[in-house]
There are 2 protein chains.
Amino acid sequence: MKRRFLGIDIGGTNLRGKIITEQGDSLDEKKIPSEANMGIFRLMENLAGFIKNFTAEKISAVGIAIPGIVDTKRGTLVQAPNIANTKNFPFTEALFERIGGAIPLFIENDAACAALGEYRVGAGRGTNSMVMITLGTGFGGGIILDGKLWRGENGFAGELGHMTINPSGHLCNSGSRGCVEAYVSQVAIKRIVRENQELREKLSGTEESALPERLAELARKKDRAAISIWNDFGSNLGVAISILVNVLDVKTVVVGGGLSGAWELFIGKALEETEKRCIGAEARGLQIQRAVLGDDAGVLGACYIAEIGLVERF
Amino acid sequence: MKRRFLGIDIGGTNLRGKIITEQGDSLDEKKIPSEANMGIFRLMENLAGFIKNFTAEKISAVGIAIPGIVDTKRGTLVQAPNIANTKNFPFTEALFERIGGAIPLFIENDAACAALGEYRVGAGRGTNSMVMITLGTGFGGGIILDGKLWRGENGFAGELGHMTINPSGHLCNSGSRGCVEAYVSQVAIKRIVRENQELREKLSGTEESALPERLAELARKKDRAAISIWNDFGSNLGVAISILVNVLDVKTVVVGGGLSGAWELFIGKALEETEKRCIGAEARGLQIQRAVLGDDAGVLGACYIAEIGLVERF
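Given the structure is predicted, the values throughout are model-derived calculations rather than measurements.

Cut-offs applied
Residues numbered from 1 in each chain as written. Chains lettered and ligands numbered in written order. Predicted model: local features only at pLDDT ≥ 70, side-chain atom pairs only at ≥ 80, totals over all residues. Heavy atoms only, no water. Helix = DSSP H or I, 4+ residues; strand = E, 2+ residues; numbered from the N terminus. Rg over C-alpha atoms; globule rule 2.2 N^0.38 Å. Buried < 20%, exposed > 50% of the residue type's maximum accessible area, 1.4 Å probe, protein only. Areas by Shrake-Rupley, 256 points an atom, 1.4 Å probe, with all protein chains shown as cover. Lys, Arg positive; Asp, Glu negative; His and termini not counted. Charge placed at Lys NZ, Arg CZ, Asp CG, Glu CD. Least-squares fit on C-alpha atoms with pLDDT ≥ 70 in both. Contact = heavy atoms within 4.5 Å. Salt bridge = Lys/Arg side-chain N within 4 Å of Asp/Glu carboxyl O. Buried area = accessible area lost by both parts, 1.4 Å probe. Polar contact = N/O pair within 3.5 Å; in protein donor to acceptor, adjacent residues only side chain to side chain. Arc of directions from axis to C-beta. Pairing = 2+ DSSP bridges. Phe/Tyr/Trp six-rings, centres within 6.5 Å; stacked < 30°, edge-to-face > 60°. Axes fitted to C-alpha atoms, helices over the stretch in contact; angles between N-to-C directions. Parallel < 35°, antiparallel > 145°, perpendicular 65-115°, else oblique. Left-handed = near helix turned anticlockwise from the far one by under 90°.

### Digging into the overall build of chain A
- Helices and strands together make up the secondary structure of chain A, namely 10 helices and 12 strands.
- For 314 residues, the compact-globule formula gives about 20 Å, and the C-alpha radius of gyration of chain A, at 20 Å, lands near that figure.
- Seen through its principal axes, chain A has C-alpha atoms that stretch 60 × 45 × 35 Å.
- Residues counted as buried form 60% of the 314 residues belonging to chain A.
- For chain A, the exposed area adds up to about 12,800 Å²; of that, 46% sits on carbon and sulfur atoms.
- When the 36 basic and 37 acidic side-chain charges of chain A are each reduced to a single mean position, those positions are 0 Å apart.

This is the structure:
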């Protein structure tokens, strides 16, 4: 029988699951509320039930995309800012207990999964090495080198949002100053709008999650303050991309996540800044691409994590 | 017969050559003036003569460490700021012509060679992945991932000196603003001293290459302005290290090059800043080590480049 892999993406709102065959064909897809805001134990119950629902079909391995810092070797969740009680939580072990064991489980950071998804079947298809930047609540990342996800010695690699781009700059949620996430993320946009009296008034009453879209609408209507914010957003993104390209010399950078909806408002400045700051820019053949898989990147990446885990560890 | 590898390190002053066996034993070592300041053609003549001098002994391959941006696949020197007429110079081809051909030649950036040297037989021995930072005239780098030098898609990876740490900061020789090299290098120290009236007077008449050492002497004698400059130097180095660790999650960072002679004056601040800016710092087990091979790192790394080149390409 052909092998089948189940990928699950843990979101703030939903658990999304998908089964693919080893040829990459999608077989089944489901979605239930994650209730992640109710803490890790509720999430684990929901996750276990969700997995059991799928396993009427024979599954060879499960891959799980988690919004947090993951120790893939030990199977622990080191920290997840948006799920309570997760500090060094033994994720794989706790899930094994609940599902009664027999399926190999692999966990990975969700932005790393998204990178793998775009690499295999999305905007990075056919490239040998790439970086994916996910612009959402935060600034997530994943790195593919020579066809493989690079996760580093502790599984912490790709914490791209916490690259410093301005040592004495704004305070980030991480506690350090001037992280790129403090300039290029939904959280950053909230701060920037709050600090700008004119925009604060124009956008008053908007929920945080809707702010980037509303700000993009304003910019498209030629609001000068809004245009200027997206320009700065693009420049700061370009600084971050240039750091990554100078260090890693990848050929492809893929930019995705919810905020990439404002693509045409920031990409020009991002390219300009990248080119200015990359050594030997003209010789590199660098491609900066918009992600194409949307929300599917994470869940597809999780399927591939299951596949890779099975090949590498068994 | 056992295979032997010749490594050559091209310096501003000297060509240094060394032969090692495949067991890593050193057999022979020579040095002649490089005359690199007289341009690439004189350098190629000297290099060809130097190689012929060694090949009385049977050599399996030659590795050459070059102070510039190198396209290792094509064998070209993309640019070398300190050697005239080097823009896209066909280095390997030109050298083959002069030595009459039969030995496999491999070229590599000198800081990458130094990283490989420290990784194999120096401060990075036994680690799986590391970054080496070389603090000299500029800020050089080399990256080892999973035991292999990571050179990227064009061979440009590891241009660590041109990571932006302050987008609106000082102009770097690269033409972009706020590169770490503009803060943490001999060139940077020259600028910083020139901008500081008190130190400019105390150090007037000192040659640029001797400035870091004189500035270190002042700091060791408790000169407050000098201490403060080394503190800033350390903090900026720490910012750069934190970026690399957040992105790559290596376990070991090795710091070498001439300016590492002032180690005790900057390392405290560098560690402090690194810890503050690395996500999950306490869980990483990060080691920041001083390089141990000194000037030998580059020439030894060049020997290993010859060995690796022979294994991978023939």
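### A word on the environment of Asn82(A)
- In this fold, Asn82(A) is placed in the loop between strand 6 (76-79) and helix 2 (91-99).
- Residues Asn82(A) and Gly11(A) lie 71 residues apart in sequence; the distance between their C-alpha atoms is 9.9 Å.

### Quick look at the relation of the copies chain B and chain A
- Structural alignment of chain B on chain A gives an RMSD of 0.0 Å, achieved by rotating through 180° and translating 0.0 Å along the axis. On this basis, the relationship between the two copies can be described by a two-fold rotation axis.
- In this assembly the copies share their binding face: 100% of the residues contributing to the interface of chain B also contribute to that of chain A.

### Regarding the pattern of salt bridges
- One pass over the full model with this rule turns up 40 salt bridges over all chains.
- Of the charged contacts, one joins Arg16(A) and Glu29(A) as a salt bridge, the two residues approaching to 3.5 Å between their closest N and O atoms. Here the residue Arg16(A) occupies a position in strand 2 (residues 14-21), and Glu29(A) occupies one in strand 3 (residues 26-33), the gap between them amounting to 13 residues.
- Where Glu272(B) meets Lys269(B), a salt bridge forms, and the shortest distance between an N and an O atom there is 3.9 Å. With Glu272(B) and Lys269(B) both in helix 8 (residues 263-277) and 3 residues apart, the pair spans about one turn of that helix.
- The exposure class assigned to Glu272(B) is partly exposed, which follows from its relative accessible area of 43%.
- Here the salt bridges share partners, and the residues they tie into one network are Arg16(A), Lys18(A), Glu29(A) and Asp296(A).

### What to know about the interface of chain B and chain A
- With 44 residues of chain B at the contact, the number on the chain A side is 44 residues.
- Interface area, chain B with chain A, both sides summed: about 3,600 Å², of which 57% is carbon and sulfur.
- For the pair chain B and chain A, the interface holds 0 salt bridges.
- Where chain B touches chain A, the interface holds 29 residue pairs in polar contact (both at pLDDT 80 or more).

### Looking at helix 6 (residues 211-220) of chain A
All names here are of chain A.
- Taken together, the buried positions of helix 6 are occupied by Leu211, Pro212, Leu215, Ala216, Leu218 and Ala219. Taken down its axis, helix 6 places every buried residue within 160° of arc, on the same side.
- Considering only its buried residues, helix 6 is in contact with helix 4 (186-195), helix 5 (197-202), helix 7 (224-248) and helix 8 (263-277).
- Following helix 6 by one or two positions, Lys222 has its phi on the positive side, about 70°.

### Remarks on the sheet that holds strand 11 (residues 252-256) of chain A
All names here are of chain A.
- Reading across the sheet, the 5 strands line up as 10-9-8-11-12 and stay open at both edges, with mixed pairing between neighbours. Looking along the sheet, the strands with just one partner apiece sit at the ends: strand 10 (148-149) and strand 12 (287-290).
- Note: strand 9 (residues 139-145) against strand 10, 2 bridges, orientation antiparallel. Residue Ile144 lies in a different strand from strand 10, and its bridge partner there is Leu149.

### Regarding the environment of Glu273(A)
Residues and elements named next belong to chain A.
- Position of Glu273 among the secondary structure elements: in helix 8.
- The class of Glu273 is buried, set by a relative accessible area of 9%.
- Sequence separation between Glu273 and Gly238 is 35 residues, and the spatial gap between their C-alpha atoms is 4.9 Å.
- With near-sequence residues (within four places) excluded, Glu273 lies in contact with Ser235, Gly238 and Val239.

### What to know about the packing of aromatic side chains
All names here are of chain A.
- What the rule picks out here adds up to 14 aromatic pairs over all chains.
- With a centroid separation of 5.1 Å and an interplanar angle of 85°, the aromatic rings of Phe50 and Phe54 are classed as edge-to-face. Residue Phe50 and its partner Phe54 are located together in helix 1 (residues 40-54), separated by 4 residues, close to a single helical turn. Like Phe50, the residue Phe54 is buried in the burial classification.

### Description of the packing of helix 7 (residues 224-248) of chain B against helix 8 of chain B
Residues and elements named next belong to chain B.
- One way to put it is that helix 7 packs onto helix 8 with a least axis distance of 7 Å and a crossing angle of 40°. Between helix 7 and helix 8, the interaxial angle falls into the category oblique. Helix-helix and strand crossings are classified by hand; for helix 7 and helix 8 the assignment is right-handed. In contact with Trp230, Asn231, Phe233, Gly234, Ser235, Leu237, Gly238, Val239, Ile241, Ser242 and Asn246 of helix 7, helix 8 contributes Leu265, Phe266, Lys269, Ala270, Glu273, Thr274 and Arg277.

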